[in-house]
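Structural overview
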Amino acid sequence: MHSPNVNPGGLVISLDFELHWGVRDHSSVADYRENLLGAREAIPAMLRLFEKYGIHATWATVGMLFCENKQELLASAPALRPEYRLAKLSPYLDLDSVGEDEVSDPFHYAPSLIRTIASAPGQELGTHTFSHFYCLEEGATVAAFEADLEKALQLGTKLGVQLKSLVFPRNQYGEEHLHASQRCGITCVRSNQQGSLYNPRASGDESLFRRGLRLADAYVNLSGHNTHSSDGKRPARVPASRFLRPYNPRLCAADSLRMRRILHDLDAAAECCEIYHLWWHPHNFGRWTRENLEFLEAILRHLAVLRDKKGFASWTMLEAAETGTKANRASQL
Ligand SMILES: [Zn+2]
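Small disclaimer: the values here were computed from a predicted structure and weren't measured.

Of all hydrophobic cores here, the largest spans 81 residues; its most connected members are Phe50, Trp59 and Trp280. Residue contributions to this core peak at 11 residues, all from helix 1 (residues 29-53). Excluding residues within four positions of it along the chain, tryptophan 59 makes contact with Leu15, Ile43, Met46, Leu47, Phe50, Ile117, Gln123, Glu124, Leu125, Gly126 and Pro282. Ala60, Ile275, Trp315 and Leu318 belong to the second largest nonpolar core, which has 13 residues in total.

Below you can see the structure in the form of structure tokens.
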């Protein structure tokens, strides 16, 4: 049995909830329609699974999705906007073509889903910035980032929620963005999976080789188990351990390896009383939804065993940051 006095470690889940705003620079709505509509079905299904297994998760949500209609979207946009050198990165280019509301345009609005998430047990609403802001792209200033983040947090307040956890789009950030986040009232951020394969880079600097190695790392152990303890910094960093790759029929023969990799990671985290942080996008489950949910449920079944045997917990990012802080404080006394 585990001792109730020892921090047992836990699984953190964060979801980057963005719908089309997260993929618009490389996929049109028509290209990605099945995933985007499927995400709207997959989210309630994920919430049911989370409730069944007592799972807590952080939903880092793009601020634009909070808007009820186009009038609110236009009124909420910051005056200071990023002027990306790569102009297609700017979501403000799309404002003319966005529909009126969630019913007519389920790809760019999601207030009903956000309310469903907020009312589900154990779920934390976090932010993924207002506009899916790319901190490291040329033309993005820290001042524009801060203006963007403030707007995202205001939309949370309107819903009665103080958003405290941040996931940076495309995992791009530097020290100055961490400071700006803290100024805005962010308590914790998802920092990047450690190791040179996972260092944040602007999109043009990513190589196919690095992407290939990251893919291989999902199946065989190239980068270790990536479990973590809290570092006590402000805002608290809750490092990613692994991206939960979506089901791919061309790679399904290797899915037992992919599963084994994650279950071994969880075992290692529980053994060391550390944090294991899985993340993905709801739209990753929008296609092959049944297969993806089955894969997730097998992970959650394993977590339930570790919880019974070792007290291994399930946390939102904020809970992990607060638990880690308490543990750190205790160890400093
Ligand atoms: Zn994103």
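A separate point is the confidence of the model for the chain. Of all residues in the chain, 84% attain a pLDDT of 70 or more, and the chain-wide mean is 89. Within the model, the stretch residues 325-333 combines pLDDT values under 50 with 6 contacts to residues more than four positions away or in other chains.

Our next topic: the coordination of the zinc ion. In ideal tetrahedral geometry, four donors around a metal make angles of 109.5 degrees, whereas ideal octahedral geometry with six donors gives angles of 90 or 180 degrees. Bound to the zinc ion on the protein side are Glu18 (OE), His128 (NE2) and His132 (NE2), at distances that span 2.0 to 2.1 Å. Expressed as a motif, the donor residue spacing for the zinc ion is E-x109-H-x3-H. One end of the pair, glutamate 18, is in the loop between strand 1 (10-17) and helix 1; the other, histidine 128, is in the loop between strand 3 (123-127) and helix 4 (142-158), with 110 residues separating them in the sequence. For glutamate 18, a relative accessible area of 3% translates into the label buried.

The rules behind these values
- Residues take numbers from 1 onward in each chain, read along the sequence in its written order.
- Two thresholds apply to this predicted model, a pLDDT of at least 70 for residue-level local features and 80 or more for giving and counting side-chain atom pairs, whereas whole-chain, interface and lining totals are computed over all residues.
- The basis for every side-chain value is the complete set of heavy atoms in the structure, and neither hydrogens nor water enter the calculation.
- Here, nonpolar core means buried Ala, Val, Leu, Ile, Met, Phe, Trp, Tyr and Cys residues that are tied together by side-chain atoms lying within 4.5 Å of each other.
- Only protein chains enter the accessibility calculation, which uses a 1.4 Å probe; a residue whose area is less than 20% of its type maximum is buried, one above 50% is exposed, and one in between is partly exposed.
- Secondary structure elements are taken from DSSP: a helix is a run of H or I of four residues or more, a strand is a run of E of two residues or more, and numbering for both begins at the N terminus.
- Residues count as neighbours in contact if any of their non-hydrogen atoms are within 4.5 Å of one another.
- A score between 0 and 100, pLDDT records how confident the predictor is in each residue.
- Sites may look incomplete because water is not among the atoms; the donors themselves are N, O and S atoms within 2.8 Å of the metal, or within 3.2 Å for Na, K and Ca.

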